[in-house]
Amino acid sequence: MSADAVGRAHPRLEGPEKVTGTARYAVEYPVDGVTYGWAVPATVVRGRITRVDTAEALASPGVLAVLHHGNAPRLAPGPEADLWLLQTPAVHCRGQLVAVVVATSLEAAREGARLVRIDYDTGPHSTVLTADHPGLYRPDHVNPSYPTDTAEGDFDAGYAAAPVRMDATYRTPAYHNNPMEPHATTARWHDGRLLVHDSNQGATPVRATLAELFELPPDSIRVVTEHVGGGFGSKGYAKAAVVLAALAARHVDRPVKLALTRQQLFGPVGYRTPTIQRVRLAADADGRLTAICHDAISQTSTTREFAEQTAVYTRSMYAAPHRRTTHRLVRLDVPTPFWMRAPGECPGAYALESAMDELAVAVGIDPVELRVRNDAQVDPDQGEPFTSRNLVACLREGADRFGWDGRDPTPRARRDGRWLIGTGVAGSSYPARTRPSSAAATARPDGRFLVRVNATDIGTGARTALWQVAADALGVPPERVDIRIGDSDLPTAPLAGGSMGTASWSWAVIRACQALREKLRDAPDGEVTAQVSTEDEVAGQPARPRYAYGAQFVEVRVDADTGEVRVNRMLGVFAAGRVVNPTTARSQLVGGMTMGLSMALHEEGLLDERYGDWVNHDLATYHIAGCADVESIEAYWLDEHDDELNPAGVKGIGEVGIVGTAAAVANAVHHATGVRIRDLPIRLDKLIYTSSLA
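Cut-offs and rules
Residues numbered from 1 in each chain as written. Predicted model: local features only at pLDDT ≥ 70, side-chain atom pairs only at ≥ 80, totals over all residues. Heavy atoms only, no water. Phe/Tyr/Trp six-rings, centres within 6.5 Å; stacked < 30°, edge-to-face > 60°. Helix = DSSP H or I, 4+ residues; strand = E, 2+ residues; numbered from the N terminus. Buried < 20%, exposed > 50% of the residue type's maximum accessible area, 1.4 Å probe, protein only. Axes fitted to C-alpha atoms, helices over the stretch in contact; angles between N-to-C directions. Parallel < 35°, antiparallel > 145°, perpendicular 65-115°, else oblique. Left-handed = near helix turned anticlockwise from the far one by under 90°. Contact = heavy atoms within 4.5 Å. Nonpolar A, V, L, I, M, F, W, Y, C, P; charged D, E, K, R; others polar. Salt bridge = Lys/Arg side-chain N within 4 Å of Asp/Glu carboxyl O. Pairing = 2+ DSSP bridges.

Section: the packing of aromatic side chains
So, point 1. Tallying each qualifying case throughout the model produces 15 aromatic pairs.
So, point 2. When the ring of Tyr170 is compared with that of Tyr350, the centres are 5.9 Å apart and the planes differ by 85°; the resulting orientation is edge-to-face. Residue Tyr170 is located in strand S10 (residues 164-172), and its partner Tyr350 is located in helix H8 (residues 345-363); the two are separated by 180 residues in the primary sequence. The same class applies to Tyr170 and to Tyr350, which are both buried.
So, point 3. Both rings, one in Phe306 and one in Phe338, keep their centres 5.8 Å apart while their planes meet at 50°; by these two values the pair is tilted. Separated by 32 residues along the polypeptide, Phe306 in the loop between strand S16 (289-301) and helix H7 (312-317) and Phe338 in the loop between strand S17 (322-332) and H8 bring together distant segments of the chain.

This is the structure in structure tokens:
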């Protein structure tokens, strides 16, 4: 019997479909009698709609209907106020979707939307996050359910008594997810049942939300997500597009395709909140931490509380007897922030890992060695041993591969013509989570097998990884296994997010395949199916600290005349349990590191406080990293075995690659220039105006 599919490099199963254009995304499915929706955003920050004039729009050729709060089908008030769309005249932020035009063509719908006239009664607003905002408060918890504040020992006393202290404030701007496929839906009603092809990260929770909003039993709704063109967290739950498409389809009694525009992705579907983070570190003369404090400030909307868990990263990363973390939040007249790749850990690591670099400079210790000295085998937060912790191994192997040994710590010590050369390092960690899942495995009379699980492949290669896991669990060659995912009619599974997808789904797949093999011993002929749920098994797992780790190394060059920053090379080494498919794993890690580089040097949502909206809301003005920005990037991983994870032994790799990257870039820029930039992105004007580089 074959049992070696896991661990082998394999191209994506759906690769040929994607490169030939036959893979269908949410609004690409052929539908008879289809119509097209176009969402209309509010143009005021805060207020109330006083009049909706649809006459000119309805007179436009091809326009069938204009839905708004006065005529849209009614929704049941659900747990998410942001999804109670077209129900009231209240406007809570600029860009809120307040109407939908339905027409016989996309062009007609767009023109109709242009012709809708809406009047507002506006009110005063507040849209800018500041450290002293009078509305700052302490939320009950931070995403998803972490304690808001923590404290061990006596930070104030420990900090005051230390011979070396570091106190700095770091700022990150708003970041926008921008998946290649926008939020998009095709919705159809038939005999009281709703079918949606939707771009999301989990069909099961989307179905549950639609059932609640439309007051339908879940089994009368089907959500299909066969192919999804990226999400980065923004598609983690039902969002505006699927609700508006379903409303419009019910109103016109015809199928509706609706895709948000690129500009409409900057706000209504979520974004990474700006943060203001104060980090204080205290250490002895040998660089061993004695006190750590991380205070984080972020924003949410007036309609829903979303509290980014920014300082949670610091709770478990490095050891110190005196520790404190806090989160404060302010409600602003802005769209609700939401998940973006490694929410909390990503901005939190930028602050802490930058502060660790500053401490290394202050005590005169190599930044790799400083992190090694402050490693912990017992979780400082939970007080329990980690199931596995290979941060030091990642740092050591990364330093060796990168050529870190012999590095001159002096800033501005290396120069190549007009280019200043510097290197930087940062650690990374991300929780290894699992959630209950179900899966089914079927043996067919022709000798093939079918495995079904409502997993979602958002471009990560999840479909292929689960196929490999199933083959090994069945003990057959992968070529005899078919796999179906991305459909709420399949066995229930959690969403693709939080680096928990493969860990959760594979657990259920393995158990279903094992159960099928047991059945086949007793009933070897005909079609045989086994379906299992891991709910009890996952619930019975001991509560131990489980994390993936990494270390990122970066070399940059900075033009001494212009302040232009170029990244010569990036290298990451990770400890993330067992790697199922090296091909797609490397893609995930390289993608995360590239996204972190983009965060460090380019990305920045620029808010105009007068209008409460981002002025750079397209990919021409919201800059992201391109191929030319990544001259050399390498990702490696350790052969890590952890028996306290899940049957597949995986930790998840979607997030850990981005976590420390921005700090590694910032630390390298400081080493090159001697200039410490504490508010991202690192633009050339900040380098030039902060200090003369020449």
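Section: the packing of helix H14 (residues 582-601) against helix H16 (residues 661-673)
So, point 1. Running from N to C, H14 and H16 point in directions that differ by 50°, and their axes come no closer than 7 Å. Considering the angle they form, H14 stands oblique to H16. The crossing of H14 and H16 is right-handed. Judged by residue contacts, Gly592, Met593, Gly596, Leu597, Met599, Ala600 and Leu601 of H14 engage Thr661, Ala662 and Val665 from H16.
So, point 2. Here the contact of H14 with H16 is built from residues that sort into 7 nonpolar, 3 polar and no charged.

Observations regarding the pattern of salt bridges
So, point 1. All told, the structure shown has 46 salt bridges when counted by the stated rule.
So, point 2. The residue Arg463 makes a salt bridge to Glu14 at a minimum N-O spacing of 3.6 Å. Here Glu14 lies in the segment before helix H1 (15-20) and Arg463 lies in helix H11 (residues 462-474), a separation of 449 residues in the sequence. Summarising the burial analysis for this pair, Arg463 and Glu14 share the class buried.
So, point 3. Residue Glu369 pairs with Arg373 through a salt bridge whose shortest N-O separation is 3.2 Å. Of this pair, Glu369 and Arg373 both sit in helix H9 (residues 367-373), separated by 4 residues, roughly a single helical turn.
So, point 4. Using a relative accessible area of 25% as the deciding quantity, one classes Glu369 as partly exposed.

Quick notes on the sheet that holds S10
The strands that make up a sheet pair up through hydrogen bonds in the backbone, lying either parallel or antiparallel.
So, point 1. Sheet architecture is open: 5 strands sit in the order S9-S17-S16-S15-S10, paired in mixed fashion. On the outer flanks of this sheet lie strand S9 (150-152) and S10, each paired with one strand and no other. The average angle at which neighbouring strand axes cross in this sheet is 10°, direction not considered.
So, point 2. Here 9 bridges tie strand S15 (residues 275-283) to S16, and the two strands are oriented antiparallel to one another. Note that in S16 the partner of Ala283 across the bridge is Leu289.
So, point 3. Those strands touched by H8 are S10, S15 and S16, and its axis lies near 145° from that of S10.

Brief notes about the sheet that holds strand S23 (residues 528-533)
So, point 1. Here 4 strands make up an open sheet; going across it, the order is S22-S21-S20-S23 and the pairing mixed. Where the open sheet ends on each side, the last strands, each with one partner, are strand S22 (481-484) and S23. Ignoring strand direction, the axes of neighbouring strands in this sheet form an average angle of 15°.
So, point 2. Pairing between strand S21 (residues 449-452) and S22: 4 bridges, direction parallel. Looking at the pairing, Leu450 lines up with Asp482 of S22.
So, point 3. Of the strands in this sheet, S21 and S22 touch H11, which is tilted by about 135° from S22.

Things to note about the environment of Thr169
So, point 1. With respect to the helices and strands, Thr169 occurs in strand S10.
So, point 2. On the basis of relative accessible area, Thr169 is assigned to the partly exposed category, the value being 30%.
So, point 3. Taking the C-alpha atoms as reference points, Thr169 and Asp679, 510 residues apart in sequence, are found 8.5 Å from one another.
So, point 4. The contact partners of Thr169, leaving out residues within four places of it in the chain, are Ile276, Gln277, Arg278 and Arg678.

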